Amino acid sequence: MPFFVFLNHATKRLRAGLIFAFIAVLSLALLSACAEGGDVEAGADEASRSSEPSPAGDATTAPAAQSETAEPGQNSQDSSGGGRAEETEQGRAGGSTPGTALAMLEELEVKGRAPKTGYDADLFTWRSDADRNGCDTRNDVLRRDLRDITLKAGTKGCVVIAGDLSDEYKGETYAFDRDPNNIDIDHIIARSNAWQTGAAKFDEDTLREFGNDPLNLLAVSSSLNRQKGDGDAATWLPPAKSYRCDYVSRQIAIKHKYELWVVKAEKSAMQRVLGTCSNQPAFTKDVAWPEPGEGDNVKTAEDASTKKKSSSKKSSGSRKKTSSGSSSGSGSDSPGAGSKRSGSGSGSSGSVYFENCTAARDAGAAPVHRGDPGYASHLDRDGDGVGCE
């Protein structure tokens, strides 16, 4: 065989071998790839099966999630329950239970205090017989609030001369003493406070109603009443802490009734007090006056001081008659002279004269007792010997 022919034949054989080898390698590579693809598919199936939640997983992870979401809610509840000062007005209103003092407070308008221009306590005609029951308001309050009452004979069941007071402000019980007077009648919403929070626009009848409203009046210690002055809940609260919730809820009821507003500091103080008794009901107690002659364990008696003065006058008249020989001498006790003194001083003691109780209070003389400088009958409407009480 020629060499050229042999070389050509060998070359063909080599090419065929290379092609066969290449095909074999390619086949092996394809087989390997298929095997790896199967592994990947199997791995994906396995991963898919393992990612499905198991009952055990649910039981262990759910409480943890609940715990994580519940904690902020609990904090929020705690903060709202604590009544923080920074809490919004809307937030507080939303948390108020209907029928409570807090809910009624949210209905009051919040505004700044108006000026006191034109204010005069006498505009409220306090102590007048506003309900036309025949008794002045002060004695109406005493008949309602005192216990074991003694009424003065001859006053148509009106004038209280003795009794015991369970003082809500003090948290103590003590006897009523008319001389010196140890009991005052407090305007729970002071008249000047009312004037500066809406009452300046009241007509005459509404001012009179407010000044003599049973809801707004309470017999209390005279010293505490003067200590309070015209303060609101932000500046004064009763020393007896057990009464503060009732006191504030009653203030709210008064302002609600007369559509008076509260100032910001006043409302905040009320909220702080009611925060200690958040379910305090709105004040709806019966505070009406008893009828004349009625009250707790009532009895009627002559006023001892009146008896004493009457006896003294009789004795004096007897002495004058004996010395002059006539009951109508021309001395200073004659009707003309007496009338002159009464006219010039309006029945006052001494040279001091007060036109009204506002003048007496402004001078620091109220209450004015019979025999004191400035005492006059027009200041003592119930005739109990104490004016401008």
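Please refer to the structure higher up on the page.
Let us look at the structure shown here. Just so you know, these numbers come straight off a predicted model, no measurement behind them.

## Quick word on a nonpolar patch on the surface
Residues Ile 19, Phe 22, Ile 23 and Leu 26 make up a contiguous nonpolar surface patch of about 420 Å² in total accessible area. Turning to its location among the elements, Leu 26 is positioned in helix H1 (residues 3-51).

## Here we look at the sheet that holds strand E3 (residues 172-175)
With respect to topology, four strands assemble into an open sheet ordered E3-E2-E1-E6, the strand pairing being mixed. Looking at which strands have only one partner, the edges of the open sheet turn out to be E3 and strand E6 (299-301). Between one strand axis and the next, the sheet turns by 20° as a mean value, whatever way the strands run. In terms of strand pairing, strand E1 (residues 146-152) meets E6 through three bridges, oriented parallel. Paired with Leu 151 across the bridge in E6 is Thr 300. Its contacts with the sheet place helix H5 (residues 137-145) against E1 and strand E2 (160-167), and it is angled at close to 135° to E1.

## Digging into the environment of Lys 152
Mapped onto the fold, Lys 152 is located in strand E1. Along the sequence, Lys 152 and Ala 301 sit 149 residues apart, while their C-alpha atoms lie 5.4 Å from each other.

## Observations regarding the environment of Cys 245
Inspection of the secondary structure assignment puts Cys 245 in helix H9 (residues 244-257). Sequence-wise, Cys 245 and Thr 276 are 31 residues apart; in three dimensions their C-alpha atoms are separated by 8.0 Å. Leave out the neighbours within four places in its chain, and Cys 245 touches Val 273, Leu 274, Thr 276, Cys 277 and Gln 280.

## Here we look at the side chain of Thr 100
Tracing the chain through its elements places Thr 100 in the loop between helix H3 (89-94) and helix H4 (101-106). Look past the residues within four positions of Thr 100 in its chain and what remains in contact with it is Ser 278, Asn 279, Gln 280, Pro 281 and Ala 282.

## Some words on unusual backbone geometry
Of note, the bond from Asp 179 into Pro 180 is cis; its omega dihedral lies within 30 degrees of zero at 0°. One non-glycine residue, Arg 132, lies in positive phi territory at about 55°. Here Arg 132 shows up in the loop between H4 and H5. Exposure remark for Arg 132: the relative accessible area of 73% places this residue in the exposed category. For Glu 259, which is not glycine, the phi dihedral falls at a positive 55°. Relative to the helices and strands, Glu 259 resides in the loop between H9 and helix H10 (264-274).

## Details of the pairing of E3
When E2 meets E3, the two strands line up antiparallel, connected through four bridges. Across the sheet, the residue bridging to Ser 166 is Thr 173, located in E3. Remark: four residues form the turn of the hairpin made by E2 and E3, two consecutive strands paired antiparallel; Gly 171 in that turn has positive phi of roughly 75°.

## Notes on the packing of aromatic side chains
If you walk through the whole model with that rule in mind, you get 10 aromatic pairs. Judged by centre distance (6.0 Å) and plane angle (65°), the rings of Tyr 119 and Trp 195 are edge-to-face. Taken together, the residues Tyr 119 in the loop between H4 and H5 and Trp 195 in helix H6 (residues 191-196) connect sequence positions 76 residues apart. When its relative accessible area of 25% is taken as the criterion, Tyr 119 is described as partly exposed.

## What to know about the pairing of strand E4 (residues 183-187)
The side chains of a regular strand alternate, first on one face of the sheet and then on the other. When you tally the buried positions in E4, you get five out of five residues, the bulk of the element. Across the two faces of E4 the burial is the same, with Ile 183, Ile 185 and His 187 and Asp 184 and Asp 186 all buried. Pairing of E4 with strand E5 (residues 217-221), which is carried by five bridges, proceeds in the antiparallel orientation. The residue bridging Asp 186 from the neighbouring strand is Leu 218, located in E5.

## What to know about the packing of H9 against H10
Here H9 crosses H10 at 140°, and the two axes come no closer than 9 Å. Taken together, the axes of H9 and H10 lie oblique to each other. With respect to the hand of their crossing, H9 and H10 are arranged in left-handed fashion. Only Glu 266, Met 270, Val 273 and Leu 274 of H10 make contact with H9, whose side of the interface consists of Arg 244, Cys 245, Val 248, Gln 251, Ile 252 and Lys 255. Here the residues of the contact of H9 with H10 are counted per class, giving six nonpolar, one polar and three charged.

## Observations concerning the nonpolar core
Within the largest apolar cluster, 39 residues are counted, with the highest numbers of intra-cluster contacts made by Tyr 169, Phe 210 and Ile 252. Elements supplying a minimum of two residues to this core: H4, H6, helix H7 (204-211), E5, H9 and H10. A total of six residues in this core trace back to one element, the largest contributor, which is H9. If near-sequence neighbours (up to four positions away) are discounted, Ile 252 is found in contact with Ala 101, Met 104, Leu 105, Leu 108, Met 270 and Leu 274.

Parameters and conventions
- Residues numbered from 1 in each chain as written.
- Predicted model: local features only at pLDDT ≥ 70, side-chain atom pairs only at ≥ 80, totals over all residues.
- Heavy atoms only, no water.
- Patch = residues over 30% accessible without salt bridge, like charges linked within 9 Å, V, L, I, M, F, W, Y side chains within 5 Å.
- Areas by Shrake-Rupley, 256 points an atom, 1.4 Å probe, with all protein chains shown as cover.
- Salt bridge = Lys/Arg side-chain N within 4 Å of Asp/Glu carboxyl O.
- Helix = DSSP H or I, 4+ residues; strand = E, 2+ residues; numbered from the N terminus.
- Pairing = 2+ DSSP bridges.
- Axes fitted to C-alpha atoms, helices over the stretch in contact; angles between N-to-C directions.
- Contact = heavy atoms within 4.5 Å.
- Buried < 20%, exposed > 50% of the residue type's maximum accessible area, 1.4 Å probe, protein only.
- Phe/Tyr/Trp six-rings, centres within 6.5 Å; stacked < 30°, edge-to-face > 60°.
- Parallel < 35°, antiparallel > 145°, perpendicular 65-115°, else oblique.
- Left-handed = near helix turned anticlockwise from the far one by under 90°.
- Nonpolar A, V, L, I, M, F, W, Y, C, P; charged D, E, K, R; others polar.
- Core = buried A, V, L, I, M, F, W, Y, C linked by side-chain atoms within 4.5 Å.

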